[in-house]
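Chain by chain, the residues run as shown.
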Amino acid sequence: MIDRRKFIIRCAQCTSAITASTFLDLGAFIPGGAESAVAGLPRAEDLSHVEARHYRKLDELEVECGICPRKCRVSPLERGYCGTRENENGKYYTLVYSRPCSLNIDPIEKKPLFHFLPGTNAFSMATAGCNVNCKFCQNWNISQVRPEQVENYLLTPDDIARMAVSYDCPTIAYTYSEPVIFYEYMYDCSVKGHDNNVHSVAITGAYIMPEPLKELLDALDGVKVDLKAFSEDFYRDYVRGELQPVLDAIKIIHNQQKWLELVYLVIPTLNDKEDEMKRMCNWISRELSPDVPLHLTRFHPMYLMKNLPSTPRDTLFKLHEIAREAGLNYVYIGNVPGNKYEHTYCPQCGKILIERYGYRLGERNITDSRCKFCDTKIPGVWA
Amino acid sequence: MKIRGRIFFFTLGLCSILFQTYLIREFLANYTVNSILLGYAIFIWMAGGTIGVLIGLGRLSTSSMYRYGFNLLSLTVLAGIVFLRLFPKFLGYYPGEIVPLTIKMGIGMISILPSAIISGLLFGNGYCIYQRQLSASKAYLLDIMGFAIGGIMSSVLIFPYIIPFDFFLVSIALLSIFSLLLFGSRLWIFSMLIIALSVTLAAMNVNKAISKLKWAPYEIKAETDSPYGRVTAIQQENQYSVYFNSQKHSTIPDRISSELTVHLPALQLESHDRVLVLGGNIEALSRELKKYDFRKIDYVAIDEELVSTYRELGESKEQDYTVHITDPRNFLRNTETTYDLIILPSVSYGLGISNRFYTNEFFELINKTLNPGGVFCFSLDTGGSYIPQSISMALKSVYNAVSSNFSNYQVIYTPDACFLCSHRAKPFDINPEYYTDRIRGMGITNSFFNPGYIGDILSPFRQTEFMARMESTDIGKSSNTDFRPITSIYAMLSSEELGGSFLSNMMLGISAKPALVFIFGLLGLLLLLVIPFTSHHKVPGFFDLSLITAAVSGFTVMFMELTALELFQSYYGSVYLYISFAIALFMVSNAIGLEIFGFYIRRFKPILPVLISQWVAISLIIMVGILTKLFTTFPDYYGILSIAIIVVSGFCGGMVFSASVETIVMHSPGRSPAFTYGSDLYGAGIAAMVVMPLLLPILGVNWALLLLGVLNSLILMLIFICIKLRVAG
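Keep in mind it's a predicted model, so treat the numbers as computed, not measured.

**A look at the overall build of chain A**
Of the regular secondary structure elements, chain A holds nine helices and 19 strands. Across the 383 residues that make up chain A, the buried fraction comes to 62%. Expressed as a percentage of contacts within chain A between residues at least 6 apart in sequence, the contacts between residues at least 24 apart total 67%. When the accessible surface of chain A is summed, it comes to about 15,000 Å², and 47% of that surface belongs to carbon and sulfur atoms.

**What about the overall build of chain B?**
Counting its secondary structure elements, chain B contains 26 helices and 11 strands. Sequence separation of 24 or more characterises 77% of the internal contacts of chain B that already satisfy a separation of 6 or more. Summed over its atoms, the accessible surface of chain B is roughly 25,600 Å², and 66% of this surface lies on carbon and sulfur atoms.

**Description of helix H4 (residues 101–130) of chain B**
Residue and element names in this part refer to chain B. Taking 1.5 Å of rise per residue, 30 residues should cover 44 Å, and H4 covers 42 Å from first to last C-alpha, within 8% of that figure. A maximum bend of about 35° is found in H4 at Ile 112, where proline Pro 114 lies one to four positions downstream. Burial analysis of H4 places 22 of its 30 residues in the buried class, which makes it a mostly covered element.

**Thoughts on the sheet that holds strand S14 (residues 331–334) of chain A**
Residue and element names in this part refer to chain A. The sheet built from eight strands is open, its strands ordered S7-S8-S9-S10-S11-S12-S13-S14 with mixed pairing. Lying at the two open borders of the sheet, with one neighbouring strand each, are strand S7 (102–107) and S14. The mean angle between the axes of side-by-side strands here comes to 20°, regardless of whether they run parallel or antiparallel. Helix H4 (residues 183–195) contacts strand S8 (121–126), strand S9 (171–174) and strand S10 (199–204) of the sheet and is inclined by roughly 175° relative to S9. The strands touched by helix H8 (residues 274–288) are strand S12 (259–266) and strand S13 (294–298); relative to S12, the strand with the most contacts, the crossing angle is about 175°.

**Points about the sheet that holds strand S3 (residues 63–65) of chain A**
Residues and elements named next belong to chain A. Read from one edge of the open sheet, three strands run S2-S3-S4, paired in antiparallel fashion. Every interior strand has two partners, whereas the edge strands, strand S2 (55–57) and strand S4 (73–74), have only one. Across two bridges, the pairing between S3 and S4 is antiparallel. Looking across to S4, one finds that Val 63 is bridged to Val 74.

**Some thoughts on the nonpolar core**
Counting 144 residues, the largest nonpolar core has B:Phe8, B:Phe9, B:Phe19, B:Phe27, B:Phe70, B:Phe168 and B:Phe555 as its most contacted members. Sorting elements by how many residues they give to this core places helix H26 (residues 672–728) of chain B first, with 22 residues. Setting aside residues up to four positions removed in sequence, B:Phe27 forms contacts with B:Leu37, B:Tyr40, B:Ala41, B:Leu84, B:Lys104, B:Gly108 and B:Ile112. With 101 residues, the next largest nonpolar core counts A:Leu220, A:Tyr264, A:Phe299 and A:Ile322 among its residues.

**Considering the side chain of B:Ser258**
All names here are of chain B. Structurally, the position occupied by Ser 258 is in helix H9 (residues 256–266). One polar contact links the side chain of Ser 258 to the main-chain carbonyl oxygen of Asp 254, over a distance of 3.2 Å. For Ser 258, the contacting residues outside a window of four places in its chain are Ala 284, Leu 285, Arg 287 and Glu 288.

**Observations regarding helix H9 (residues 313–325) of chain A**
Residues and elements named next belong to chain A. Relative to the 18 Å expected for 13 residues at 1.5 Å per residue, H9 spans 19 Å between its end C-alpha atoms, a close match to the ideal helical length. Burial in H9 covers these residues: Thr 315, Leu 316, Leu 319, His 320, Ile 322 and Ala 323. For H9, the arc enclosing every buried residue in end-on projection is 165°, short of the 170-degree limit, so these residues lie on one face. Positioned one or two residues after H9, Gly 327 has a phi angle of 100°, which is positive.

**Things to note about the pairing of S14(A)**
Residues and elements named next belong to chain A. Neither face of S14 is exposed, since Val 331 and Ile 333 on one face and Tyr 332 and Gly 334 on the opposite face are all buried. Of the strand pairs in this sheet, S13 and S14 are connected by four bridges, and their pairing is parallel. Bridge pairing in S14 links Thr 297 to Gly 334.

**Regarding the side chain of B:Asp254**
When you line up the elements, B:Asp254 lands in the loop between strand S4 (247–252) and H9. No salt bridge is formed by the buried B:Asp254; its nearest oppositely charged neighbour, B:Arg287, is found at 5.4 Å.

Thresholds, definitions, all that
- Residues numbered from 1 in each chain as written.
- Chains lettered and ligands numbered in written order.
- Predicted model: local features only at pLDDT ≥ 70, side-chain atom pairs only at ≥ 80, totals over all residues.
- Heavy atoms only, no water.
- Helix = DSSP H or I, 4+ residues; strand = E, 2+ residues; numbered from the N terminus.
- Buried < 20%, exposed > 50% of the residue type's maximum accessible area, 1.4 Å probe, protein only.
- Contact = heavy atoms within 4.5 Å.
- Areas by Shrake-Rupley, 256 points an atom, 1.4 Å probe, with all protein chains shown as cover.
- Expected span 1.5 Å × (residues − 1).
- Bend = angle between axes of the 7 residues up to and from the residue.
- Pairing = 2+ DSSP bridges.
- Axes fitted to C-alpha atoms, helices over the stretch in contact; angles between N-to-C directions.
- Core = buried A, V, L, I, M, F, W, Y, C linked by side-chain atoms within 4.5 Å.
- Polar contact = N/O pair within 3.5 Å; in protein donor to acceptor, adjacent residues only side chain to side chain.
- Arc of directions from axis to C-beta.
- Lys, Arg positive; Asp, Glu negative; His and termini not counted.
- Salt bridge = Lys/Arg side-chain N within 4 Å of Asp/Glu carboxyl O.

Keep in mind that these numbers describe shape and distance, not what the molecule does.
Quick look at the structure:
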């Protein structure tokens, strides 16, 4: 056997030789990080330290988060599932307040919201983090990371409202990642937005507890909910969430008479069953209203499902037919450029109310929220 | 007996390469092909070989394992293939769902390692049995010869023309008959069972059945194996999805990506005469190109099967374009034609293609083929609404390469990063109004790239954001080159599997020196793992260092071989036959080094050969490192350099191996020399794992080779110290 002493000596010799070799000046191999994205905007050097709302203090400095149905029980110095809320000595803090990482100006139709100020732009923003883990997330680069892993701007709610005004956007959209996880920031931005005559809409999965949702809805003008499937199995396996709390939240949004549109991303062979679609449409008709717009959107493979096929057009048209047969009045097909179900049709006379070419509007036949041809009231926020 | 031993080692080499190639191909065909996985798969095979050699020399040294080994090898390879294809499904992954890197590595380990161990075990056990007839160097030489011939057979005869699974079934049946003939009638039941199994599996068309099971619930429209991988087309309603090595390549019909790819650059041109398309879904792209008055459309693609699939499933049956089946680099280097528009459709970072198509040297080839007023266009993924740090660094390295090759360039953030490059004086106009007016003026009708979407696609806010990001991303003057494919490491860190992970953060956050200390420290520790096995020799000091020398030599040789192949592909293209030729050249050089040096050193004192071989190897490596530095300035000649490195690395490998073996033989005959083979394999495996994904992108070829010279010099010093100690003792 080789003796231990010799072994250690040789290890030391090799290690020192290897270390010595690295002292050569070889330049920067993995260069340093990037700077702020949008020119002229301040960059946040650290995370925020603003006390969170909706949490409960427990024994031994633990807290229970009350924002989403996960009800994370968080020990000191730990974070909730979303990675954006941290317990510091028994107090719960949001780390993303005033720390958006993504800003854009998008047509409101891109959200998609078709009955909410059509033809206008939305000042769109997001912070890092999410309270679910959809395997098909379109924005996984920000939703599935912690806030310190992205570059953040430093923009207060006042700044956001001012920017929306300066870019001529009548709406602020909380979008891309899940706005529920930046609840406090979204709420305050919405309040500041209203002070500046700017609307606010949340683009959300609606995985939120009833109490915070009701409070939030006071500040919002509209909500677009991503209803990801109509089965608990799908939510468990592909979203890491639950369906029932989402359905409850949708009912609350509708009952509080906030503008609501639903999006159903059709993933081939996973949530495209005719029976599932029928059940969902019947639920919408029964529990909400046939007037709630439903967008059936084509799946473009992303993130962990990026090698799945896209949704065939025929599947979308078939599901559209089922939704219409179930009595829904406003059913759209999204992500299929140039299809005839991009337009808004009057459920009474069948004529085109809003003609759409992508994100551009053509003919508009709604006057004072009514069909120009048959005077039927068309639900939505039109002005 | 002597002939039997020779046949044994030759057949072992032949089987090893065929089965190894097939298993690794199968691994890559079922999971995303990137440099990490490729290196890992080779490492598993090499490490398994080492373990096998050690067991074969140790516990099983006197067993009759060598009789049954070939049949066992067949069965483990068969089990490995089935496991590779179906295990993700068994774990609950949906077809097309990304399997996490750790799970992929686990699957690779379970499916490749047993076959590798048996292959190594056969060498060790076989050596113990035949050592009186054959020296270790001879056994190694015969193994290499089998390896080289098997490699050429698989490249020239098997994979381009025969369905690999069918060939595999035939080969395991033949191997059973061979075992029966070589080792006698005691094996006949075992052999007959394997023959019956292969016939049954062929009759049941198990290959198709496994694919069907793998892709269920999707319906397979077509599946073919090409030399470059597996092309699968699945059908749903009237839509086809084409997969290459299980990664989605394109959808038919496709509107959005083909319209963006063609119209963004084509509308910048005043005249449309000749267009060159480098890869992609030609059916969809040609439909868009026909909206202009292009007189000639040339299409270059390397994989004939992929092109045939697109032609078969595409909407248009006219096919009025010329197809050139070759590597785009070769085409660009050899063509005399110049083009008004050159399009390189978007490809996934995950394929590691950024090593080859977004480098300074590639852009130089484009320059040669582009008309003075022409436009070259390519797109890279950005990550969508937010550009992560790793992607912004990857984009910046490509941006730097573009800016040093084109006088006029513009990036459009769509949100893919679409690079428009030219030498024309007129600047690119990327205002939405410009595109809207031109589309209307030319009467072009598009589904997606039309006035309805153009305002959003070309949103000025997004363009400003992107350019600010490019300006502020600091990677110094680093640009993506063939000699330092820096983009590949950023692309790897931003992949779905690693993006946002601990490893990704660590790599992005760490500075240069700690990164190097970490990598080389890890390498050092891995190489030192050889030490415990040196106790076998009972002679401490000199021989353990011989084994370390062998491991470092294996590392060095594989390092140089991979570097050379990378450069070779950059210059000569990834044409399958060329690469096979390069690998065969390596094997031949290896055999020459082994024979010449082996013959020479037997006439000298035992210590001298090790010292001389190491010294020669170091000199060659450093010389090549310096040459590479020189050739960076003259890339027109680096094709020759890559061939030179292949020959040098092969020769060095043979020389050092032979020196180690002969030295050990003189001091400790018996099983010891075969340990050298195990150590050599092990070092090569480590190199396979770290060179392509880490060392080349981080260090670049020049510094990597020079550091390699330093590493070998240190080993030489250690040998000196050890000899001195022994003499003093």
